[in-house]
Amino acid sequence: MSYNVALNFEDGVTRFIDCNGAESVVDAAYRQGINIPMDCREGACATCKCRVESGSYSLGEYIEDALSHEEADTGYALACQLRPTSDCVVLIPTGSGACGTRQESYVTRIRDVRRLSDSTFALELEGDGLGALDFLPGQYANLQVPGEAHRHRAYSFSSITADRGGVSFLIRNVPGGLMSGFLSERAAPGVELVMNGPFGSFYLRPVSRPVLMLAGGTGLAPFLAMLDKIVAAGGSPHPVHLIYGVNTDRDVVETERLEAFTRTIPNFTYSICVVDANSGYPKKGYVTHHIEPAHLNDGDVDIYLCGPPPMVEAVAQHLREAGVNAASFHFEKFAPSIS
Ligand code: FES
C-alpha cells in the first residue's frame with residue numbers, strides 16, 4: 001500500500017512523495033531526491049523531528065530522549081521512524097533548499113481567460129506536467145507575468161480542472177496591476193506562463209468539527225478548492241458554513257459553483273454579504289456583521305479566513321474582542337501588487 005505524503009517545508013514549499021507501508025518518511029523522501037536532515041537514523045538523536053499535521057501513522061521505535069510522550073501526543077514524530085498508514089501532511093522544520101529540493105516549476109499554457117466581473121478574472125492553465133501536480137486545497141502558486149522574467153504574483157488555486165490536466169485561479173483586477181494588465185490586454189489561449197508551486201500553510205485540515213469559512217473578494221478561490229476536496233471525500237461529517245463578502249453586487253462571482261456545492265455537500269451552507277448599502281443582496285455590511293453564534297459552536301469550530309489584509313485584521317480583531325477561542329484559526333492575507 002502506498003500513501004501520498006505532503007512534506008511542508010519551513011519556507012512554505014510543499015513537495016508530495018509516495019511512501020509505501022514498509023518505508024519510513026526519511027527513506028521514501030530520500031528515494032525521491034529529498035534529503036530530510038537526519039543523523040542516527042535510529043530514533044535516538046532527534047535530528048529528523050517533524051510534526052504530522054494530518055493522517056494516521058505509526059511512530060516506530062525511538063528513545064524518549066529523542067521524542068517525549070508529550071511531543072508524541074501532540075503530533076511530533078521522528079521522520080526516520082515514521083511510517084504513514086494513510087495519506088499524511090508532515091511539517092518539516094527546515095527550508096526546502098536545505099533538503100536539496102525546491103518548488104516545482106511548470107511551463108503552462110492559457111486554456112481560458114475570462115472576466116467574471118469588473119473586479120475578477122478567471123484564469124485556467126493547462127500543461128503536460130500538470131497531470132502530476134498535487135496541492136493541498138487552499139494553497140497557492142506563483143505565476144510569472146510573461147515578459148517579466150523575475151516578477152511573480154501569488155494566487156490561490158481555485159480548482160484542478162475535471163480532466164486533471166489543468167488548474168484554475170480567481171485573480172483580482174487591480175487597475176494598473178502587472179498581471180491585470182497582462183490578462184486584460186495580452187492573455188489569450190495558448191500563451192505560455194510559468195507557474196511555481198504549490199506553497200503555503202493555508203489549507204484544509206481534516207474536518208473533525210464544524211468549519212467556518214470567511215472569504216473576502218477573490219479570497220473565495222481557496223475555499224472553492226477546499227469545497228472540491230470535501231466533495232471528493234464524499235461530503236463533510238460536520239456543518240461547513242461560508243460567508244463571502246464583497247464590496248458591490250458586481251463583485252459577486254462563482255455563485256453557480258456555490259449553489260452546486262449546497263447540492264453535493266448536504267451540510268454546506270453559505271451567505272453573501274455586500275458592503276454597498278444599495279446592494280440587492282439581503283445581507284449588507286462586512287463579514288463580521290454576519291458571523292452568528294451558531295457558526296462559532298461555542299468555540300468548537302475550525303475557522304479559515306482569506307481576504308485582503310484589512311479584512312483579515314478586522315475579522316481577527318472582531319473574534320478576539322468577542323472572546324472567541326476557536327479550536328483552530330487559519331488565515332491567509334493577500335495584498336494586490338501594482339508594480
Ligand atoms: Fe536520529 Fe531520526 S535521524 S532520530
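Sequence order as written defines residue numbering, which begins from 1 separately in each chain. Totals for whole chains, interfaces and linings use every residue, but because this is a predicted model, local features are given only for residues with pLDDT of at least 70 and side-chain atom pairs only at 80 or more, for both listing and counting. Here the side-chain values reflect all heavy atoms present in the structure, with hydrogen atoms and water set aside.

Draft legend 1. Quick peek at the packing of aromatic side chains. For this analysis, a ring pair means two rings from Phe, Tyr or Trp (six-membered ring only for Trp) whose centres lie within 6.5 Å, classed as stacked if their planes differ by under 30 degrees, edge-to-face if by over 60, and tilted for the remaining angles. Per the counting criterion, the structure on display carries eight aromatic pairs. On the basis of an interplanar angle of 25° and a centroid distance of 5.4 Å, the ring pair of tyrosine 140 and phenylalanine 199 is categorised as stacked. You can see tyrosine 140 sitting in strand β10 (residues 140-144) and its partner phenylalanine 199 sitting in strand β13 (residues 192-199), a full 59 residues away along the chain. Ring centres of phenylalanine 329 and phenylalanine 331 lie 5.8 Å apart, and the angle between their planes is 40°; this geometry places the pair in the tilted category. Clustering of aromatic rings is evident, with ring pairs tying together Phe135, Phe157 and Phe169. It is arginine 205 that lies over the ring of tyrosine 203; its NZ or CZ is 3.9 Å from the centre. Each helix is a run of DSSP H or I of at least 4 residues and each strand a run of E of at least 2, with the numbering of both proceeding from the N terminus. Think of it as a cone above the ring: NZ of Lys or CZ of Arg counts as a charge over the ring if it is within 6 Å of the ring centre and within 35 degrees of the ring normal.

Draft legend 2. Region of interest: the sheet that holds strand β11 (residues 152-160). DSSP bridges decide pairing: two strands pair if at least two such bridges lie between them. One closed barrel accounts for six strands, arranged β8-β9-β12-β11-β10-β13; its pairing is antiparallel. If you compare each strand with its neighbour and ignore which way they point, the axes differ by 45° on average. For strand β8 (residues 104-117) and β13, the ladder comprises six bridges, and the chain directions are antiparallel. Following the sheet pairing, serine 105 is matched in β13 by asparagine 196. In this description, contact between two residues means that some pair of their heavy atoms is separated by no more than 4.5 Å. Axes here refer to lines fitted to C-alpha atoms; in helices the fit is confined to the stretch in contact. Angles between the N-to-C directions go from 0 to 180 degrees. Its contacts with the sheet place helix α4 (residues 221-232) against β11 and β12 (166-172), and it is angled at close to 30° to β11.

Draft legend 3. Just the pairing of β12, in detail. Only protein chains enter the area calculation, which uses a 1.4 Å probe; residues under 20% of their type maximum are buried, those over 50% are exposed, and those in between are partly exposed. Where burial is concerned, most of β12 is hidden: six out of the seven residues are buried. Two elements, strand β9 (residues 120-126) and β12, share seven bridges in a ladder whose sense is antiparallel. Bridge assignment links alanine 122 to a residue of β12, and that residue is leucine 170. Looking at chain direction, β11 and β12 are connected through three bridges and run antiparallel. When the sheet's bridge partners are listed, isoleucine 160 is paired in β12 with valine 167.

Draft legend 4. Inspection of the pairing of strand β18 (residues 328-333) at higher detail. Of the two faces of β18, only one is covered, namely that formed by Ser328, His330 and Glu332; the face formed by Phe329, Phe331 and Lys333 stays uncovered. Sheet topology note: the strand β17 (residues 302-307)/β18 ladder contains six bridges and is parallel. Within the sheet, the bridge partner assigned to aspartate 302 lies in β18 and is serine 328. For crossovers, right-handed means that the path from the first strand over the helix to the second runs clockwise, given strands pointing away from the viewer. In terms of handedness, the path from β17 via helix α7 (residues 309-321) over to β18 forms a crossover that is right-handed.

Draft legend 5. Spotlight on the side chain of threonine 248. Along the chain, the position of threonine 248 falls in the loop between β15 (240-246) and α5 (255-264). Residues contacting threonine 248, with those up to four places away along its chain left out, are Val274 and Asp276.

Draft legend 6. Inspection of the environment of lysine 333 at higher detail. Within the secondary structure, lysine 333 sits in strand β18. Residue class for lysine 333 comes out partly exposed when judged on its relative accessible area of 40%. For the pair lysine 333 and proline 310, spaced 23 residues apart in sequence, the C-alpha separation works out to 8.7 Å. Filtering out sequence-adjacent residues up to four positions away, lysine 333 remains in contact with Gly307, Pro309, Val312 and Glu313. Here a polar contact is taken to be a pair of N or O atoms separated by no more than 3.5 Å, where protein atoms must pair a possible hydrogen donor with a possible acceptor and residues adjacent in sequence count only if both atoms sit in side chains. Side chain to side chain, lysine 333 and glutamate 313 meet in a polar contact 3.0 Å long.

Draft legend 7. Highlighting the pattern of salt bridges. One speaks of a salt bridge when a side-chain nitrogen belonging to Lys or Arg is within 4 Å of a carboxyl oxygen belonging to Asp or Glu. Enumeration over the complete set of coordinates arrives at 16 salt bridges. Of the charged contacts in the structure, one is a salt bridge between arginine 111 and glutamate 124, with a shortest N-O distance of 3.1 Å. Taken together, the residues arginine 111 in strand β8 and glutamate 124 in strand β9 connect sequence positions 13 residues apart. When salt bridges with common partners are traced through the structure, they connect Arg109, Arg111, Glu124 and Glu126 into a single cluster.

Draft legend 8. Examining the nonpolar core more closely. Grouping buried Ala, Val, Leu, Ile, Met, Phe, Trp, Tyr and Cys residues that are joined through side-chain atoms within 4.5 Å yields what is termed a nonpolar core. Met213, Phe223, Leu227, Leu242, Tyr244, Leu258 and Phe268 are the most contacted members of the largest nonpolar core, which totals 30 residues. Looking at this core, the elements that each hand over two or more residues are β14 (211-216), α4, β15, α5, β16 (268-274) and β17. It is α4 that contributes the most residues to this core, six residues altogether.

Draft legend 9. The side chain of serine 168, seen in detail. Position of serine 168 among the secondary structure elements: in strand β12. Using a relative accessible area of 11% as the deciding quantity, one classes serine 168 as buried. Among the polar contacts listed, one links the side chain of serine 168 to the side chain of serine 159, at a separation of 2.5 Å. With sequence-adjacent residues up to four places away left out, serine 168 is seen in contact with Leu123, Glu124, Ser156, Phe157, Ser158 and Ser159.

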